[in-house]
Every structure is written in C-alpha cells, then in structure tokens.
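Chain by chain, the residues:
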Amino acid sequence: MAELTELTEAVLSGKRKIVKDIVPEFIDTNVAPEKILDAMLVAMNEIGAKFKKNEIFVPEVLIAARAMNTGMELLEPILVSSGLKPEHKVVIGTVKGDLHDIGKNLVGMMLKGANFEVVDLGSDVTPEAFLEKAKEVGASAIALSALLTTTMPAMSETVRVFKEAGLDNVKVMVGGAPVTQAFCDEIGADGYAPDAATAVDCIKELIA
Ligand code: B1M
C-alpha cells in the first residue's frame, strides 16, 4: 500500500503515471479525499517556493502542475458526491492573460460538490466571454480567479463590463493568491474567498 508521501513525491517530480496508479489505491482504501488533496497541495507549495528561489523553472512547474491535475481529475467524482439537481449556475474562469488553472479547478470542483452547476470557461477568459456565457446560461454568479498581480486588473474590467451591461443580479466572486478582501472592495466585486472551501460559503451567502 502506497503512502501519501509517495503522492507528494510523485507530484513534485511530475510523475503522472505514479499519480494515476496510486490515487485510485487511496480512494479504494477509503483514505479521506481531503488528505489525498492535501498531499498534492504540499507538493505544489514546495514547487512554488522552489520556483520563487529560481531552483526550478517553468517546465518543471508545468510538469508538476500536470501531475497535480491528473490527481485532481481522479479525485473529482469523490469530491463531487451530491446527487441533487443544482439550483444555481456559476460561470467560472481564470481571467484574461492568466493561465493558472489549478486553484480555479479546485474551486469549481468544490462548487460542484456543493450542488452548483459549474460552467468552466477555462483560463485566459475575457470579460466579454464571461458576460456572454453568464447571459446565455442565466448564471447566478461568476467566479473569477487570478494568480498574477498583472492580471488582477482584468477582474476589475470584468466587474465594470457586468455593471455596464446592467447585470447587477449576477454576483461576482473573486479569488486567487494575490487577491485580497481590500482588492475585492476596491473593484466593487460582491465577494472574496481566500480558498476553495470558503468559496463555497461565499457563493452561498451571495446568492442567498
Ligand atoms: Co506561475 N506564478 N507563472 N505558473 N505559478 C505563480 C502564481 C507565482 C506566485 C510563482 C512565484 O513567483 N513564486 C508567480 C506570480 C507572481 C505574481 O504575480 N505575484 C508566477 C509567475 C510569475 C508565472 C509566470 C509569469 C512565469 C513566467 O513565465 N516567467 C507565468 C505566467 C503565465 C500566465 O499565466 N500568463 C507562469 C506560469 C506558470 C505555469 C504555466 C508554469 C504553471 C501553471 C499551470 C496551471 O495552472 N495549469 C504555474 C504554476 C503552477 C505556479 C505556482 C507554482 C503554483 C500555482 C498553483 O497551482 N497553486 C505559483 C506559485 C504558488 O502559488 N505557490 C505560481 C496551487 C493552487 C491550488 O493554489 O491557485 O493559489 P491557488 O488556488 C488557491 C487559492 O488561491 C484559492 O483557492 C485555492 C486553494 O483552495 N483560489 C480561489 C484560487 N482561485 C480562486 C477563485 C476564487 C476563490 C478562491 O473565487 C473565484
């Protein structure tokens, strides 16, 4: 039986095949999905710290991120366990210019688990694309993720585009590592969540 530390190691070294083999083992032996997720997040934190210190570079980060996404795909059905018909739709995406999607995927997964219908536009999403999709599906909220300080202004632009279109009924939640409550207030977004679990509570409050 594999140990969770082996999963951390596999994500760190970008070994997708190992991730693919051992995550189902953990699931089958009833290891809590939160623990499996944590083991992978530990690896991504370490990757982030090494990247910052120039000990590793973009290719290594990308390979680790792919391994993490492989694990997350396997975990998704377990995290998303609700069988009820979702009442509300949330359009989610990483904002224009930003390709980071792991945190956004996690938020999307948690929202699905909380019985929201999630329409995921992926990454590098323009304000107009958010607007078009929110109108098309009749979204109750949009969820914007940004990981770069340079792409935070795209959140502000998206809020502006929604206000100009008169879609005040569609709530806007923002999040991502550089985003803060102060920034949320400054740009006039409706809610901020520091992590995926809080994102669920935040959307619930906004919609209520
Ligand atoms: Co980049 N990257 N990256 N990167 N990357 C960061 C973000 C960085 C902090 C690394 C560093 O310098 N230490 C830095 C940003 C600095 C800054 O702006 N302050 C950075 C940089 C500079 C860059 C490039 C510019 C590097 C370059 O090319 N020179 C480039 C930009 C590309 C682009 O987007 N245009 C780049 C590229 C990449 C990769 C493509 C290689 C890869 C992304 C792969 C992918 O996502 N598919 C990558 C990665 C993986 C990272 C780090 C290492 C890890 C990010 C991650 O996935 N974390 C990151 C360093 C770090 O964060 N430690 C870094 C795990 C994830 C679960 O956490 O996304 O924070 P996170 O999500 C959290 C919360 O933030 C929150 O919930 C999640 C936890 O529960 N959350 C939300 C996220 N979105 C939310 C939305 C919500 C609510 C909560 O509501 C809507």
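Given the structure is predicted, the values throughout are model-derived calculations rather than measurements. (Residues numbered from 1 in each chain as written. Predicted model: local features only at pLDDT ≥ 70, side-chain atom pairs only at ≥ 80, totals over all residues. Heavy atoms only, no water.)

### Points about the site of the ligand
Turning to step 1, where the next piece is worked out: Neighbouring the ligand are 33 residues, the closest being Leu99, His100, Asp101, Ser145 and Ala196.
Turning to step 2, where the next piece is worked out: Contact distances for the ligand include 3.1 Å between an oxygen atom and a backbone N or O atom of Ala177.
Turning to step 3, where the next piece is worked out: Measuring from an oxygen atom of the ligand, one finds a backbone N or O atom of Ala196 at 2.9 Å.
Turning to step 4, where the next piece is worked out: Within the residue set of the shell around the ligand, elements represented by two or more residues are α3 (33-52), α4 (58-79), α5 (102-113), β3 (141-145) and β4 (171-175). (Near = heavy atom within 4 Å. Polar contact = N/O pair within 3.5 Å; in protein donor to acceptor, adjacent residues only side chain to side chain. Helix = DSSP H or I, 4+ residues; strand = E, 2+ residues; numbered from the N terminus.)

### As for the nonpolar core
Turning to step 1, where the next piece is worked out: Counting residues in each nonpolar core, the largest one holds 45 residues, and the members touching the most others are Leu7 and Met173.
Turning to step 2, where the next piece is worked out: Elements represented by at least two residues in this core include exactly α1 (4-12), α2 (16-28), α3, α4, β1 (89-94), α5, β3 and α9 (196-207).
Turning to step 3, where the next piece is worked out: By residue number, the principal contributor to this core is α4, which donates 8 residues.
Turning to step 4, where the next piece is worked out: Beyond its immediate sequence surroundings of up to four residues, Leu7 is in contact with Val19, Ile22, Val23, Phe26, Ile36, Ala39 and Met40.
Turning to step 5, where the next piece is worked out: Of all hydrophobic cores here, the second largest spans 28 residues; its members include Val91, Val159, Val161 and Phe183. (Core = buried A, V, L, I, M, F, W, Y, C linked by side-chain atoms within 4.5 Å. Buried < 20%, exposed > 50% of the residue type's maximum accessible area, 1.4 Å probe, protein only. Contact = heavy atoms within 4.5 Å.)

### A short note on the packing of α3 against α4
Turning to step 1, where the next piece is worked out: At their nearest, the axes of α3 and α4 sit 10 Å apart, and the two run at 165° to each other. The angle between the axes of α3 and α4 places the two elements in the roughly antiparallel class. Read as a crossing pair, α3 and α4 show a hand that is left-handed. Counting all contacts with α3, which are made through Pro33, Ile36, Leu37, Met40, Leu41, Met44, Ile47 and Phe51, the residues of α4 involved are Val58, Val61, Ala64, Ala65, Met68, Gly71, Met72, Leu75, Ile78 and Leu79. (Axes fitted to C-alpha atoms, helices over the stretch in contact; angles between N-to-C directions. Parallel < 35°, antiparallel > 145°, perpendicular 65-115°, else oblique. Left-handed = near helix turned anticlockwise from the far one by under 90°.)

### Description of the coordination of the cobalt atom of the ligand
Turning to step 1, where the next piece is worked out: On the protein, His100 (NE2) is the one donor atom to the cobalt atom of the ligand, at 2.2 Å.
Turning to step 2, where the next piece is worked out: Its place among the elements puts His100 in the loop between β1 and α5. (Donors = N, O, S within 2.8 Å, 3.2 Å for Na, K, Ca; no water.)

### Brief notes about unusual backbone geometry
Turning to step 1, where the next piece is worked out: Residue Asn30 is not a glycine yet carries a positive backbone phi of 60°.
Turning to step 2, where the next piece is worked out: Since its relative accessible area comes to 69%, Asn30 is described here as exposed.
Turning to step 3, where the next piece is worked out: Here Asn54, not a glycine, exhibits a phi torsion of approximately 60°, which is positive.
Turning to step 4, where the next piece is worked out: Positionally, Asn54 belongs in the loop between α3 and α4.
Turning to step 5, where the next piece is worked out: For Asn54, a relative accessible area of 53% gives the class exposed.

### Re the packing of α1 against α3
Turning to step 1, where the next piece is worked out: Interaxial distance between α1 and α3 falls to 8 Å at its minimum, and their mutual angle equals 40°. Relative to α3, α1 is oriented oblique. Where α1 crosses over α3, the two elements pack in a sense that is right-handed. Seen from α1, the contacting residues are Leu4, Leu7, Thr8, Val11 and Leu12; seen from α3, they are Lys35, Ile36, Ala39, Met40, Val42, Ala43, Met44, Glu46 and Ile47.
Turning to step 2, where the next piece is worked out: Its residues assigned to classes, the contact of α1 with α3 shows 11 nonpolar, 1 polar and 2 charged. (Nonpolar A, V, L, I, M, F, W, Y, C, P; charged D, E, K, R; others polar.)

Remember that the coordinates give geometry; whether it matters functionally is a separate question.
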